[in-house]
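Breakdown of the fold
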Amino acid sequence: MSASTFGSGIRRREDPRLITGTATYTDDIVLPGMLHAAMLRSPFAHARITSIDTSAAAEAPGVVAVYTGADTEGEIGPAPCAWLLPDSGLSIADYHCIAKDTARYVGDIVAVVVAESPHQAYDALDLIDVDYDMLDAIVEPKESAAEGAPQLHAEIEGNQAFHWTVTGGGDIGEAFESAAVVVKETIVQQRLIPNAMEPRAALASYTQATGELTLWNTTQNPHIVRFLMSLVVGIPEDRLRVIAPEVGGGFGSKIAVYPADFITVFCSKKLGVPVKWVETRSENYQATTHGRDHVQEIELAATSDGKIVGLRATVWAGMGAYLSTAAPGIPTILHGLMLSGVYDIPAIHEDVYGLYTNTTPVEAYRGAGRPEATFMVERLVDLLAAKLDIDPAEVRRRNFIPKFDNGHDVVTGLTYDSGDYDGALTKLLDKAGYDQLREEQVEARKQGRYIGLGLSTYVEICGLGPSQVAGAIGFQGGLWESAIVRFHPSGKVNVMIGASPHGQGEETTFAQIIAGELGVSPDDVKVIHGDTDNTPMGWGTYGSRTTAVGGAALALAARKIRDKAKVIAAHLLEAAVEDMEYEDGKFFVKGSPDSSKTIQDIALMANVAWNMPEGVEAGLEATTFYDPPNFVFPYGAHLARVEVDAETGSVTLQRYVAVDDCGPQINPVIVEGQVHGGIVQGIGQALWEEGVYDEDGQLLTGTMLDYAIPRADGLPDIEVHSTVTPSPHHPLGVKGIGEAGTIASTAAVYNAVIDALQPLGVSSVRMPLTPERVWRSIQAAQEDN
Amino acid sequence: MFAPQFDYYRAGSVAEAAALLAEHPEAKLLAGGHSLIPLLKLRLAAPSALVDIGRIDSLRSIREESGTIEIGALTTHSELASSELLRSRATALAEAAGMIGDPAVRNRGTIGGNVAHADPASDLPAVLACLGAEFRVTGGNGDRSVGASDFFEGLMSTAIGEGDILTSIGIPTVDSACGSAYAKFAHPASRYAVIGAAAALVVDEDGSCTCASVTLGGLVPAPVRATAVEEALVGTRLDAAAIASASGLTGDALDADDVLGDVYASAEYRRSVAQVWVQRALSSAAARCG
Ligand SMILES: Cc1cc2nc3c(=O)[nH]c(=O)nc-3n(C[C@H](O)[C@H](O)[C@H](O)COP(=O)(O)OP(=O)(O)OC[C@H]3O[C@@H](n4cnc5c(N)ncnc54)[C@H](O)[C@@H]3O)c2cc1C
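Residues numbered from 1 in each chain as written. Chains lettered and ligands numbered in written order. Predicted model: local features only at pLDDT ≥ 70, side-chain atom pairs only at ≥ 80, totals over all residues. Heavy atoms only, no water.

Along the chain, the position of Ser282(A) falls in helix 9 (residues 281–287). Taking the C-alpha atoms as reference points, Ser282(A) and Arg545(A), 263 residues apart in sequence, are found 30 Å from one another. Ignoring anything within four residues of it in the chain, the contact list for Ser282(A) reads Gly702(A), Met1(B) and Leu42(B). (Helix = DSSP H or I, 4+ residues; strand = E, 2+ residues; numbered from the N terminus. Contact = heavy atoms within 4.5 Å.)

This is the structure in structure tokens:
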């Protein structure tokens with residue numbers, strides 16, 4: 001393998017077009033005769049719509065059409081929820097694309113205006129006269145479960161979308177009763193707003209003469225959009241083409257198929273012209289899915305020497321006013337099944353209540369369920385350490401699952417693939433200089449300075465996942481991936497994949513996989529994705545699955561090519577196939593490497609087919625559909641060092657050290673970038689970000705003036721290290737790395753802040769750890785003393 | 001985000017701008033646009049017309065004339081931050097301007113627009129009040145020069161009346177040894193001031209404080225002077241203990257009913273910790289005296 005292929009940190013080929021502004025996003029596409037849609041959204045969180053008068057808007061300059069729920073009735077179905085969580089009493093409320101008679105969150109669509117320009121469409125929104133009858137709103141998930149809470153959906157009792165449980169291992173009640181120590185905590189995993197750089201957009205072009213639709217859409221999964229769009233708007237899947245052009249980030253918020261997408265398609269179908277809708281940033285905050293929103297009551301039982309004997313939790317997960325496409329699986333399957341973390345825990349029980357609230361629907365948000373699980377476990381382990389006065393690193397060590405390289409069962413029912421958790425922690429402590437940091441902390445405390453160290457040792461489940469499991473857990477789709485590898489006569493290669501990268505860099509890494517497998521230069525490989533008309537079916541890019549599943553499909557397709565090429569090479573070299581050897585893009589007869597055929601020679605011959613072996617088809621192309629036998633389980637250990645200014649409560653993040661293991665790294669620079677971005681997003685949750693509603697359901701953090709996303713000036717240089725433990729079941733041994741940083745970092749930073757505040761008697765602060773919240777906790781602790 | 005419709009006029013001179021304002025009473029002046037355009041896009045303002053003064057070059061300068069530094073209303077925040085004259089003679093202003101928003105905001109936003117908009121969370125009002133600035137206004141209500149205490153009338157309200165244009169801001173210079181500084185608790189999202197403290201100190205040859213000016217912004221509708229802090233400093237040698245004990249009187253300047261709070265930081269919290277920023281501003285200002 002040459003140095004520039006698999007494993008080398010070559011530059012991302014995506015970047016020049018992104019950096020120079022020449023990439024084409026949905027909003028950059030202009031079609032002849034195109035009109036523009038704007039959505040009228042409810043300004044109230046819960047209100048009955050008693051009348052809508054659109055006459056003035058319809059008369060406004062440039063306005064072509066105004067539609068309300070009455071017009072879409074029978075034409076488009078409700079926006080579907082496609083994760084039908086079994087054994088949970090799942091109750092799905094109809095999510096009408098245009099609210100029928102009741103608006104249930106600020107941002108619920110009430111009408112749509114189509115006009116010649118976006119300005120005209122937005123101006124006309126102001127002219128629509130809606131009469132609302134106000135209803136009481138409920139925004140907090142735990143309160144929504146309470147008796148007497150305002151009810152969102154008449155047919156759904158107690159606002160409960162589902163009640164899911166996981167129970168595993170020994171008797172949980174007994175574990176707690178007989179335990180020497182129990183630590184408890186209540187954690188609020190606040191609501192987060194994803195903030196992809198590009199807001200959502202759709203451009204629908206329906207041709208009435210042929211009944212065909214092309215939809216450009218900001219999506220992470222165009223094939224899912226095609227499937228669901230077809231079901232909801234009734235255009236057959238074969239007439240439907242969905243294109244995800246350049247997509248400017250998603251973080252989970254571009255998985256769902258949204259009411260506004262269906263409405264845009266409806267408008268184009270009705271009017272027979274292309275219709276574009278691009279959300280404003282304010283709409284993005286109001287109506288693009290949010291993440292997290294859990295209230296977690298958690299407890300851990302252990303022996304007096306710190307050995308964990310049981311973990312028990314109850315979680316109230318706010319789902320928003322309706323269930324978004326994949327929402328029910330996030331706080332359950334992707335969360336509850338991960339509660340063993342990196343530890344050997346003999347008994348686990350969790351109840352998760354999914355609750356409707358008068359808020360924006362939630363969905364996957366980077367990490368999706370796993371940060372919420374990791375935080376619980378890592379917080380409890382730190383509480384245990386504090387209670388027993390054992391160093392947090394040591395408590396972790398006493399409970400780690402021992403090193404394994406081919407499968408380890410945890411009591412929640414998962415089989416982790418491979419891991420060496422102690423190895424990652426050992427490397428972390430060494431790189432960070434942990435013992436010295438602890439000494440510095442002691443010194444600092446003597447001077448009245450509050451320095452804290454926080455650890456987070458995590459494992460996560462990604463590379464979703466075996467399709468059989470998908471079926472068993474109610475996911476209304478498969479979870480395999482596909483790849484086509486096509487050699488052209490000149491030896492250049494096109495790769496077509498079903499997944500849909502949108503910033504992660506797979507155009508580069510997938511070319512590196514081909515280079516590694518077939519010895520061509522990565523520069524000779526172009527990766528095509530995102531267009532359902534020229535890529536094979538695939539389930540999309542989320543859950544760190546593109547490389548873990550799609551990359552496996554690609555490697556296997558490349559190996560099929562290699563097998564076929566070997567047969568052709570044997571024929572051309574007049575040798576037996578069994579005598580052929582392959583090395584670095586060359587085929588030769590064992591023992592005579594000097595007379596060889598390159599993969600490019602074979603590609604030319606296969607394409608002209610002048611002299612092919614008997615029974616071998618022309619062309620050099622292979623397709624693979626890869627359904628993984630298991631998930632992959634990346635892991636690692638992170639450390640944060642903070643200083644808290646006790647006078648003001650402000651937190652300074654001084655150092656951040658990460659050790660991550662995602663198996664062999666196809667491109668270490670891209671891995672590092674993913675780790676950086678992921679860590680920063682998790683730090684955002686710990687320190688800055690929160691989507692806040694007032695009790696009437698008004699979003700108080702509705703703009704970037706109020707909602708604090710991380711900035712470089714609040715961050716130290718992130719020190720990134722790794723260990724390499726291949727996945728035993730992946731053809732390349734690789735695991736996902738897109739979400740790992742986020743999954744680890746929130747807990748690391750939080751634990752560091754609490755560690756810093758320990759001499760002041762503070763053991764809990766609500767996230768994000770704003771100066772005021774930290775200051776108030778200090779004040780309260782001092783009053784208690 | 002789409003602004004409502006408006007007419008647009010570009011003024012070539014102050015006189016022309018004044019005439020346009022007189023002709024279109026519903027119009028608004030447009031300088032750097034970094035407060036006005038967001039308001040338009042959020043549809044929180046809907047003026048019939050904008051009169052763009054952004055290209056009147058004569059309003060863009062920093063000059064020293066007989067005991068005063070005169071700053072044209074269109075001078076940008078980045079020009080303030082990088083001016084050698086301000087950095088040495090009105091350090092707090094250059095320092096505060098350099099802390100505004102981000103580079104894009106500093107390159108477009110102007111001192112005139114900043115104070116005319118008079119957002120309570122802006123940095124410059126408190127600094128200008130601290131430095132004893134005079135605001136030169138022309139137009140509808142005649143030419144006049146207004147002191148800071150009269151200029152900032154309250155929440156987003158100033159002495160600039162209908163048809164008026166702010167042309168420049170004058171800062172008196174001091175001959176003796178002096179130093180000034182600005183300390184800011186920036187909101188993590190907007191970067192506006194949650195708390196801003198400006199301090200200017202004058203010392204005599206012995207290093208004893210002869211004059212102190214301390215103002216607070218960010219947490220109050222309009223800049224407030226911390227008179228008790230000022231009085232406690234005069235006559236001291238501005239050592240750490242003197243600064244700490246004077247800063248402790250910050251709360252006296254803040255009428256609890258007037259202190260602003262929001263989802264990020266409550267009024268109670270801001271009032272309790274404001275003294276920390278006063279202390280920081282004083283420590284830097286004291287270090288710069290000499
Ligand atoms: C992202 C962001 C972050 C920011 N952060 C900060 C911060 O940290 N600290 C801070 O202090 N500010 C901050 N600002 C505000 C910034 O400083 C603005 O530039 C400034 O407040 C307005 O100046 P402008 O020239 O852009 O005025 P414009 O937006 O053009 O005008 C503002 C108002 O003043 C009026 N006006 C303008 N010029 C004159 C004049 N000569 N005479 C009379 N009236 C006039 C206008 O009619 C309008 O009503 C921020 C702004 C943004 C967008």
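A separate point is the site of the ligand. Residue and element names in this part refer to chain B. Surrounding the ligand, one finds 30 residues, the nearest of these being Leu 29, Gly 33, His 34, Thr 110 and Asp 123. Within the backbone of Gly 33, one N or O atom sits 2.7 Å away from an oxygen atom of the ligand. For the ligand, an oxygen atom lies 2.7 Å from a polar atom in the backbone of His 34. The fraction of the free accessible surface of the ligand (970 Å²) that becomes covered by protein chains is 92%. Secondary-structure elements contributing two or more residues to the shell around the ligand are strand 2 (28–30), helix 7 (111–117) and strand 10 (164–172). (Near = heavy atom within 4 Å. Polar contact = N/O pair within 3.5 Å; in protein donor to acceptor, adjacent residues only side chain to side chain. Areas by Shrake-Rupley, 256 points an atom, 1.4 Å probe, with all protein chains shown as cover.)

What follows concerns the interface of chain B and chain A. Chain B puts 27 residues into the contact, and the matching count from chain A is 27 residues. Roughly 2100 Å² is buried in total at the junction of chain B and chain A, and carbon and sulfur atoms are behind 60% of that figure. When the area that chain B buries against chain A is broken down by residue, the three leading residues are Phe2(B), Arg43(B) and Tyr269(B), summing to 27%. On inspection of chain B and its partner chain A, the count reaches 5 salt bridges. A total of 8 residues in the side of chain B that touches chain A trace back to one element, the largest contributor, which is helix 13 (residues 267–288) of chain B. Here the side of chain B that touches chain A is built from residues that sort into 16 nonpolar, 7 polar and 4 charged. (Buried area = accessible area lost by both parts, 1.4 Å probe. Salt bridge = Lys/Arg side-chain N within 4 Å of Asp/Glu carboxyl O. Nonpolar A, V, L, I, M, F, W, Y, C, P; charged D, E, K, R; others polar.)

Residues and elements named next belong to chain B. Strands sit in the order 4-5-10-6-7 across an open sheet of 5 strands; the sheet is antiparallel. In this open sheet, the two edge strands, each paired with only one partner strand, are strand 4 (62–65) and strand 7 (144–147). Sheet twist, expressed as the average angle between the axes of neighbouring strands with direction ignored, equals 30°. Bridge count for strand 6 (residues 134–139) against strand 7 is 4 bridges, and the pairing is antiparallel. Residue pairing in the sheet places Glu 134 in a bridge with Gly 147 of strand 7. Contacts between helix 1 (residues 14–23) and the sheet are confined to strand 6 and strand 10, with strand 10 contributing the most and set at about 135° to the helix. (Pairing = 2+ DSSP bridges. Axes fitted to C-alpha atoms, helices over the stretch in contact; angles between N-to-C directions.)

Let us look at the sheet that holds strand 25 (residues 620–626) of chain A. All names here are of chain A. Strand order in the open sheet formed by 4 strands is 21-20-19-25, with mixed pairing between adjacent strands. Edge strands, defined here as strands with exactly one partner in the open sheet, are strand 21 (525–528) and strand 25. Put simply, the sheet's adjacent strands are angled 15° from each other on average, direction ignored. Alignment of strand 19 (residues 481–487) against strand 20 (residues 493–497), held across 5 bridges, turns out to be antiparallel. What sits directly across from Phe 487, in strand 20, is Val 493. Relative to the sheet, helix 16 (residues 506–518) contacts strand 19, strand 20 and strand 21, its axis offset from that of strand 21 by approximately 130°.

What follows concerns the confidence of the model for chain B. Across chain B, the average pLDDT comes to 96, with 100% of residues at or above 70. Among the prediction metrics, the complex's ipTM stands at 0.96, with pTM recorded as 0.97. (pLDDT = per-residue confidence, 0-100.)

Turning to the packing of aromatic side chains, a few remarks are in order. How two aromatic rings sit relative to each other is set out by the distance from centre to centre and by the angle between their planes. Per the counting criterion, the structure on display carries 24 aromatic pairs over all chains. Between Trp775(A) and Tyr269(B), the aromatic rings sit 5.1 Å apart at their centres with planes inclined by 65°, giving edge-to-face as the arrangement. In this pair, Trp775(A) sits in helix 21 (residues 771–784) while Tyr269(B) sits in helix 13, so the two residues belong to two different chains. Look at Tyr269(B) and you get buried, because its relative accessible area is 0%. Among the aromatic residues, those joined into a cluster by ring pairs are Tyr343(A), Phe400(A), Phe404(A), Tyr421(A) and Tyr635(A). Stacked on the ring of Phe176(A), the Lys or Arg Arg312(A) has its end atom at 4.2 Å from the ring centre. (Phe/Tyr/Trp six-rings, centres within 6.5 Å; stacked < 30°, edge-to-face > 60°. Buried < 20%, exposed > 50% of the residue type's maximum accessible area, 1.4 Å probe, protein only. Lys NZ or Arg CZ within 6 Å of the ring centre and 35° of its normal.)

Let's shift gears to the pattern of salt bridges. Scanning the entire structure with this criterion turns up 54 salt bridges over all chains. Between Arg43(B) and Asp123(A) there is a salt bridge; the shortest N-O distance is 2.6 Å. Pair noted here: Arg43(B) is in the loop between helix 2 (36–41) and strand 3 (49–52) and Asp123(A) is in helix 4 (residues 118–125), and the two residues belong to different chains. Asp123(A) gets classed as partly exposed once you look at its relative accessible area, which sits at 22%. Residues Asp417(A) and Lys735(A) are paired through a salt bridge, measuring 3.3 Å at the closest nitrogen-oxygen approach. On the criterion of sequence distance, the pair formed by Asp417(A) in the loop between strand 17 (415–416) and helix 13 (421–432) and Lys735(A) in the loop between strand 28 (718–722) and helix 20 (740–757) is long-range, its members being 318 residues apart. Judged on exposure class, the residue Asp417(A) and its partner Lys735(A) are both buried. Residues participating in the shared-partner salt-bridge network are Arg17(A), Glu246(A) and Glu507(A).

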